[in-house]
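# Chain and residue survey
Each chain, letter by letter, is given below.
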Amino acid sequence: MKIELLAPAGKMDSLIASINAGCDAIYLGGRRFSARASAVNFSDEDIVEAVKLARMRGVKIFVTTNILISDGELDEFFEYIDFLNKAGCHGVIVQDPALGFILSKMYEDLEVHASTQMTINNYYGAKYVKELGFERVVMAREVGTDTIKKVSKLGVDIEHFIHGALCISYSGQCTMSSLIGGRSGNRGACAQACRKPYEILNPDKTVFSDKKYFLSPRDLMSFDTIDELIKAGVNSFKIEGRMKRPEYAYEVVHAYRKKLDNALEKSDIENVEQLFNRKFTKGLGFKDFGRSLMSYDRPDNRGVVVGSFKNGTMILDRELKTGDGIEFNLKNGKFKGFTINEDLKIGKNKIKLPFEVEENSDIRRTYSRELEENIDKEIENIYKLPIEFKIEVNVGNPIKVIAKSLGKTAEYTSENLVEKAKNMPISIENIRKSFEKINDTNFFLRNEEDLDITTDGESFVPVSVLNEARREAIKNLEKLFLYKNSEKTPYEFKYEKRKTTDSGLTLEINDVEVLDGLNLDGVEIVYIPLKDIEKLSLYSFKNTKKYIKLPQILTDDELEKAKENIEKYRPEGLLLNNLGQLEMFKDSEIPLTLDSSFNIFNSLSGEFFLKQSDCISLSNELNLSQIKEIRKKLSGNLESIVYGYLNVMVMEHCPISIELNCKDNSNCEKCRRNGLHYLRDSMGEDFGFRRENRRTIIYNSHPLLYDNKNLVNFIDRRRIVQTTEDRETMEMVLNAFRENDFNDLKDFFKNREIVATRGHYNRGIL
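As named in an unreviewed UniProt entry, the protein is Peptidase, U32 family, taken from Peptoniphilus duerdenii ATCC BAA-1640.

In structure tokens form, the structure reads like this:
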């Protein structure tokens, strides 16, 4: 199995650094459709140059187009992919399964990779995208080696993160930044709400824990686990860091290159820790949990410990150099750092500081000038390839040049024949001087022996002709490195005509007891959670169907168990939340509704999924005008959530585990802290969260209430979601939507001090 080391590049100097460090492939984003919109990213011209630099060195280029694409962007998106294909890129990384499916049909020699934003966390999800034509799946960061081993049997490339910053939520399932400030992670504009401090509140809103960084994970480091990942079947190891400096890219890639080549030294790991360090974790896939997973005391770089502070003295374990950055713990609990202006030796060093430092606290070096200078020397220029020339210049024959590099051989033969010199013939030295002029190319001559020159001593050749022969020979050699089949196959994705149901209401229940005595007039479907499937027979509704809602995340074992229960209890339909679930049930006869977690954001995606289901729930991040555009092209049942506390994150991590110091999730069901709690941010907003099926769901701080009566002209089913609301609240909400009169409901909310939001219906997202 060929192992690929996949490096990040946010701009050209990082790309050069990663290539010099020994990567096999690079992923980068353009100025369009990239999930790191705030990075510098690559212009179209930069991409052309990047592909040439990389291909000349046997390095692949994969371009991230892994955001949600709206209808108004589809034409530009396909034009951009066409440009990337012609530019010679090896592949693209996409979030939308429908767009990936279409691209796989259009381009034979352009790999299509399923982004981690697809939330593929099990065998069935990987099987689904593999059958669509995806050549690689980027597994969710949360999966362990058992899952990877199953996926490897599919024969699809498996890409896995091994180093760098972690999302605490399952990727593709986080809308916290989006709902707080309109900056969507699904559009590459995440504001990183997970790196902010929060208090934890009890169910009664009293304080359970003071402010900490309860959602901020440590960085991933895999030097100790990479061998297990290889055995499990991972063949592409991905380093996070498109926002990082080129020095970071170089040193991290260099260290993992040495690890894969069995040459890693302790100093390599120490250098990685020095460059950026918010503490490290092996990740959820290797059972880190709670405090061993999270950087809960601070979310930023803390450097490496180089000594301690006692009685006004720095007691150093390592030498410090002029220009190093150091940081102290202050008595007030904060941190203070500065750049030193003198060399400091190991041992005691007296120092006067204008701030009060915590006694016996660590001193950390946050910046090493010597390390940075050493790296800068390594990445100053991209390395060049050795070249050999064989040149023949003889009267009556064309000039012949053979150029060789790294096993590739190209020839150039001049159109005109060499003439006999009337006066002074061309000398070997003159030919040599001409062919040594390659400093502005990707090649270099190692020694004089790499220029094999044959001439009869009677030939006349102008220097300009020699220069042209050199340039053309190099061009022909470069073509061997750069060749790619850029042919495109037209593919038409057809829209079908379908019947739709009359506009109606659907109701999603999280606490099934609320159904007792609830008036369901006008409710077409009730979505009941999988955990309550055994209670289906307890409820009988005259004109309302009972569907089972599957959780956003299920492992292979959990999904297989869910299928057994569904076959046993026979609900009238299913509400699915994940590609793996669709793979499991796509061929069943049971009606399927796809939830908003599928991130259906355009009409192509909508049509794609309507071919496999009875109803689709559109993305919660669409605005009304975008919904109208989708409706123009789609016939079929469309659903949209109009009321409820929307999920903003789903994660394996439990914030309360930091305070309880839980070592794993084995006691979640027994934990007395298992009920609803709140995360309060610095603005005083309270985000409810609770533990379900050993996973945490965080809800928005305000309920969505979209009372626009015209929505029924574009949406067939309006969904109302019950999260923690009591029966009285749900009666008020249902009655308001039945009557399309919201005055009583708004008065009810006002009396209960509930402030609703219209979500993204009006404002949309960045």
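Resuming the write-up.
## As for the overall build of the protein
Regarding its fold elements, the protein presents 20 helices and 39 strands. By the burial criterion, 58% of the 766 residues in the protein qualify as buried. Restricting the contact set of the protein to residue pairs at least 6 apart, pairs at least 24 apart contribute 69%. When the accessible surface of the protein is summed, it comes to about 33,100 Å², and 44% of that surface belongs to carbon and sulfur atoms.

## Points about the sheet that holds strand 35 (residues 677–680)
Think of a sheet as strands paired side by side through backbone hydrogen bonds, with each pair either parallel or antiparallel. Sheet architecture is open: 6 strands sit in the order 9-8-35-36-37-34, paired in antiparallel fashion. Sheet topology places strand 9 (207–212) and strand 34 (647–651) at the edges, where each strand pairs with a single neighbour. The sheet shows a mean angle of 20° between the axes of neighbouring strands, taken without regard to direction. Of the pairings in the sheet, the one linking strand 35 to strand 36 (residues 686–692) comprises 4 bridges and is antiparallel in character. By the bridge assignment for strand 36, Leu679 is matched with Phe687.

## Focus: the domain arrangement of the protein
Under the domain assignment used here, the protein contains domain 1 (4–166 + 217–287), domain 2 (304–380), domain 3 (385–481) and domain 4 (504–702 + 711–752). Each of domain 2 and domain 3 was reduced to a C-alpha centroid, and the two centroids are 57 Å apart.

## Description of the nonpolar core
Among the nonpolar cores identified, the biggest contains 183 residues, and Leu15, Leu507 and Leu515 are the most heavily contacted of them. Here this core gets 7 residues from one element, more than from any other, and that element is helix 9 (residues 246–260). If we skip the residues at most four places from it in the chain, Leu507 touches Leu515, Leu518, Leu520, Val523, Ile525, Val526, Tyr527, Ile720, Met730 and Leu734. Core analysis: the next-biggest nonpolar cluster, separate from the first, contains 26 residues, Ile399, Ala403, Val461 and Phe481 among them.

## What about the packing of helix 4 (residues 97–106) against helix 16 (residues 603–610)?
A pair of packed helices is captured by two measures, namely the crossing angle of their axes and the spacing between those axes. The interhelical angle for the contact between helix 4 and helix 16, taken along N-to-C directions, is 90°, at an axis separation of 8 Å. Considering the angle they form, helix 4 stands roughly perpendicular to helix 16. Here Pro97, Ala98, Leu99, Phe101 and Ile102 of helix 4 come into contact with helix 16, specifically with Leu604, Ser605, Phe608 and Phe609. Taken together, the residues of the contact of helix 4 with helix 16 sort by class into 8 nonpolar, 1 polar and no charged.

## Describing the packing of aromatic side chains
Evaluated as defined, the whole model comprises 22 aromatic pairs. Taken together, a centroid distance of 5.4 Å and an interplanar angle of 75° make the contact between Phe77 and Phe78 edge-to-face. Both residues of the pair, Phe77 and Phe78, belong to the buried class. Between Tyr539 and Phe541, the aromatic rings sit 6.1 Å apart at their centres with planes inclined by 25°, giving stacked as the arrangement. With respect to burial, Tyr539 and Phe541 carry one shared label: buried. Taken together, Phe33, Phe77, Phe78, Tyr80 and Phe83 form an aromatic cluster joined through their ring pairs. Sitting over the ring of Tyr383, Arg57 keeps its end group 5.6 Å from the ring centre.

## Considerations on the UniProt feature "domain: Peptidase U32 collagenase" (unreviewed entry) in the protein
When the UniProt feature table is mapped onto this chain numbering, "domain: Peptidase U32 collagenase" (unreviewed entry) sits at residues 365–480. Here residues 365–480 runs as 32% helix and 34% strand, with 47 Å between its end C-alpha atoms.

## A short note on unusual backbone geometry
At Lys287, a position not held by glycine, the phi torsion is positive, near 75°. Among the structural elements, Lys287 can be located in the loop between strand 12 (280–281) and strand 13 (304–310). Judged by relative accessible area, Lys287 falls into the exposed class, the value being 70%. One non-glycine residue with positive phi stands out, namely Glu753, at about 55°. You can see Glu753 is positioned in the segment after helix 20 (743–751). Exposure remark for Glu753: the relative accessible area of 73% places this residue in the exposed category.

## A few points about helix 10 (residues 266–275)
The α-helix advances 3.6 residues per turn, and as a result positions three or four apart in sequence lie on the same side. Taken together, the buried positions of helix 10 are occupied by Asp268, Val272, Gln274 and Leu275. Relative to the axis of helix 10, the buried residues are bounded by an arc of 160° and lie together on one face. On its buried face, helix 10 sits against strand 7 (157–163), helix 9, strand 13, strand 18 (361–367) and helix 11 (369–379).

## What about the pairing of strand 4 (residues 91–94)?
Taking every second residue as pointing to the same face, both faces of strand 4 are buried, with Gly91 and Ile93 on one and Val92 and Val94 on the other. Pairing geometry for strand 3 (residues 60–65) and strand 4, over 4 bridges, is parallel. Each residue of the ladder has a partner; that of Phe62, found in strand 4, is Gly91. Each parallel crossover has a hand, and the one from strand 3 via helix 3 (residues 74–87) to strand 4 is right-handed. Two elements, strand 4 and strand 5 (residues 111–114), share 4 bridges in a ladder whose sense is parallel. What sits directly across from Val92, in strand 5, is Val112.

Rules of the game
Residues numbered from 1 in each chain as written. Predicted model: local features only at pLDDT ≥ 70, side-chain atom pairs only at ≥ 80, totals over all residues. Heavy atoms only, no water. Helix = DSSP H or I, 4+ residues; strand = E, 2+ residues; numbered from the N terminus. Buried < 20%, exposed > 50% of the residue type's maximum accessible area, 1.4 Å probe, protein only. Contact = heavy atoms within 4.5 Å. Areas by Shrake-Rupley, 256 points an atom, 1.4 Å probe, with all protein chains shown as cover. Pairing = 2+ DSSP bridges. Axes fitted to C-alpha atoms, helices over the stretch in contact; angles between N-to-C directions. Domains from an automatic or database assignment. Core = buried A, V, L, I, M, F, W, Y, C linked by side-chain atoms within 4.5 Å. Parallel < 35°, antiparallel > 145°, perpendicular 65-115°, else oblique. Nonpolar A, V, L, I, M, F, W, Y, C, P; charged D, E, K, R; others polar. Phe/Tyr/Trp six-rings, centres within 6.5 Å; stacked < 30°, edge-to-face > 60°. Lys NZ or Arg CZ within 6 Å of the ring centre and 35° of its normal. UniProt positions renumbered as here; feature names shortened; annotations may be inferred. Arc of directions from axis to C-beta. Right-handed = clockwise from strand over helix to strand, strands pointing away.

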